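Remarks on the overall topology
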Amino acid sequence: MRILVTGATGFVGRDVVAQLARAGVRVRALTRDPGRARFPAGVEVVRGDLLSPASLAAALEGVERMYLFPVDETATEVVARARAAGVRRIVDLSAASVTVGLHDNPVERAVEASGLAWTHVRPGGFMANMLQIWAPSVRAERVVRYPFGDRPDYSIHEADIAAVAVAALLEDGHHGQAYTLTGPGPITVREQVAAIGAALGEPVRYEEVTRERARELMLAQGGFAAEAADLMLGFVDYGGEAAAGGQSDQDWSALMKTWPDVERVTGRPPRTFAEWARDHVADFR
């Protein structure tokens, strides 16, 4: 059995590749730049781009199952090409915002309409998102400047998202399931910052700032922080439209809860934020 992992260099995709490789499965990792990709020994690396479905022909050859990174614009064509190539099972990365009714996912619709066996993996926020936003100031100043200090957060370790996806790829019994994934319980921004400090073994200060100031800082940082600022800070909703009264982030917090699906699928509780901070301590140091 050969499994194609798209989005293979992303936070979740890298873990999906690694966990499948450890399971002894033949893994093909799709990336736009094979020369820069780093994967475990034995992983086949192929060039391709989900935004250009025609580029996937070689990647799909001989593939029976696929982990699908969400690219809304081309999902229907990508799934159609996968089916024509002989893929029989797709596990797609979606979002918990679909579960709580804030977002309609065209990738999910395309996968369901395909007639293939499918599983939706719907994580809440990635703990790893904060690595990209907070690590520069933690490394430079041992400080995090962010709003929402006492608001509960339900983010999840990327390795747990990958573990659920891998189970759905390898095991039977997951067809037609949509798994909503969160960490083991709510944790506030203040508690997350404290956990990073504990992992480092030295204090990290939390400095509460307004949404507006946080947006300025994230835009100045560039990269993912700039791209995600408006959504993460509640200036736009999950469709990219301006949030009425800037309430989308607050609505998300009110609708979220702890879901049991990580333990239901993997047989163990999800990892804590403290474990995630220890796993990434080198990135913060």
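In what follows, the structure referred to is the one given above.
Predicted model, so just to flag it, every value in this text is computed and none were measured.

1. What about the overall build of the protein chain?
The number of helices and strands found in the protein chain is 14 helices and 9 strands. The C-alpha radius of gyration computed for the protein chain amounts to 19 Å, which stays within 12% of the reference 19 Å derived for 285 residues, consistent with globular compactness. C-alpha atoms of the protein chain, sized along the principal axes, occupy 55 × 40 × 35 Å. Counting across all 285 residues of the protein chain, residues that qualify as buried make up 51%. Surface summary for the protein chain: the accessible area is close to 12600 Å², and the carbon and sulfur share equals 49%. In the protein chain, 31 positive and 37 negative side-chain charges are present, and the distance between their average locations comes to 5 Å.

2. Overview of the sheet that holds strand β8 (residues 177-181)
The 7 strands lie next to each other as β3-β2-β1-β4-β5-β6-β8, forming an open sheet whose pairing is parallel. The outermost strands of the open sheet, each flanked by one partner alone, are β3 (44-47) and β8. The average undirected angle you get between the axes of adjacent strands in this sheet is 20°. As defined by bridge partners, strand β2 (residues 26-31) adjoins β3 across 4 bridges and the pair is classed as parallel. Within β3, the residue paired with Ala 29 across the bridge is Val 45. Against the sheet, helix α5 (residues 106-113) makes contact with β4 (65-68), β5 (89-93) and β6 (117-123), and its axis sits at roughly 165° relative to β6, the strand it touches most.

3. Some remarks on the packing of aromatic side chains
How two aromatic rings sit relative to each other is set out by the distance from centre to centre and by the angle between their planes. Considering all chains together, one arrives at 4 aromatic pairs under this definition. Each ring, one from Trp 134 and one from Tyr 146, has its centre 5.6 Å from the other, and the planes form 80°; the classification is edge-to-face. Of this pair, Trp 134 sits in helix α6 (residues 127-141) while Tyr 146 sits in strand β7 (residues 143-146); the two residues are 12 residues apart in sequence, bridging distant segments of the chain. Between Tyr 146 and Phe 148, the aromatic rings sit 6.2 Å apart at their centres with planes inclined by 85°, giving edge-to-face as the arrangement. By relative accessible area, Tyr 146 is classed as buried at 5%. According to the relative accessible area criterion, Phe 148 is buried, its value standing at 14%. Three or more aromatic residues joined by ring pairs form one cluster here, namely Trp 134, Tyr 146 and Phe 148. Across the ring face of Phe 235, the terminal group of Arg 215 is positioned such that the distance to the ring centre comes to 5.6 Å. If you follow Lys 257 out to its NZ or CZ, it ends over the ring of Trp 259, 5.1 Å from the centre.

4. Description of the pattern of salt bridges
Throughout the structure, instances matching the rule amount to 17 salt bridges. For Arg 142, the salt bridge is made with Glu 202, and the minimal N-O distance between the two is 3.0 Å. Residue Arg 142 is found in the loop between α6 and β7, and its partner Glu 202 is found in the loop between α8 (189-200) and β9 (205-208); the two are separated by 60 residues along the sequence. Taking the relative accessible area as the measure of exposure, Arg 142 reaches 16% and is therefore buried. Given a relative accessible area of 32%, Glu 202 falls into the partly exposed group. A single salt-bridge network, built from bridges that share partners, covers Glu 141, Arg 145, Arg 205 and Glu 207.

5. Description of the packing of helix α3 (residues 75-85) against α5
With their axes 9 Å apart at the nearest point, α3 and α5 run at an angle of 30° to one another. In terms of orientation, α3 and α5 fall into the roughly parallel class. Crossing angle aside, the handedness with which α3 passes α5 is right-handed. Contacts between α3 and α5 involve Ala 75, Thr 76 and Val 79 from the first element and Pro 106, Val 107, Ala 110 and Val 111 from the second. Of the residues belonging to the contact of α3 with α5, the class tally is 6 nonpolar, 1 polar and no charged.

6. Focus on the pairing of β6
With 6 of 7 residues buried, β6 is to be regarded as a mostly interior element. Relative to β6, β5 is paired through 5 bridges, and the arrangement is parallel. If you follow Val 91 over to β6, its bridge partner there is Thr 119. Pairing of β6 with β8, which is carried by 5 bridges, proceeds in the parallel orientation. Paired with His 120 across the bridge in β8 is Ala 178.

Conventions we followed
- Residues numbered from 1 in each chain as written.
- Predicted model: local features only at pLDDT ≥ 70, side-chain atom pairs only at ≥ 80, totals over all residues.
- Heavy atoms only, no water.
- Helix = DSSP H or I, 4+ residues; strand = E, 2+ residues; numbered from the N terminus.
- Rg over C-alpha atoms; globule rule 2.2 N^0.38 Å.
- Buried < 20%, exposed > 50% of the residue type's maximum accessible area, 1.4 Å probe, protein only.
- Areas by Shrake-Rupley, 256 points an atom, 1.4 Å probe, with all protein chains shown as cover.
- Lys, Arg positive; Asp, Glu negative; His and termini not counted.
- Charge placed at Lys NZ, Arg CZ, Asp CG, Glu CD.
- Pairing = 2+ DSSP bridges.
- Axes fitted to C-alpha atoms, helices over the stretch in contact; angles between N-to-C directions.
- Contact = heavy atoms within 4.5 Å.
- Phe/Tyr/Trp six-rings, centres within 6.5 Å; stacked < 30°, edge-to-face > 60°.
- Lys NZ or Arg CZ within 6 Å of the ring centre and 35° of its normal.
- Salt bridge = Lys/Arg side-chain N within 4 Å of Asp/Glu carboxyl O.
- Parallel < 35°, antiparallel > 145°, perpendicular 65-115°, else oblique.
- Left-handed = near helix turned anticlockwise from the far one by under 90°.
- Nonpolar A, V, L, I, M, F, W, Y, C, P; charged D, E, K, R; others polar.

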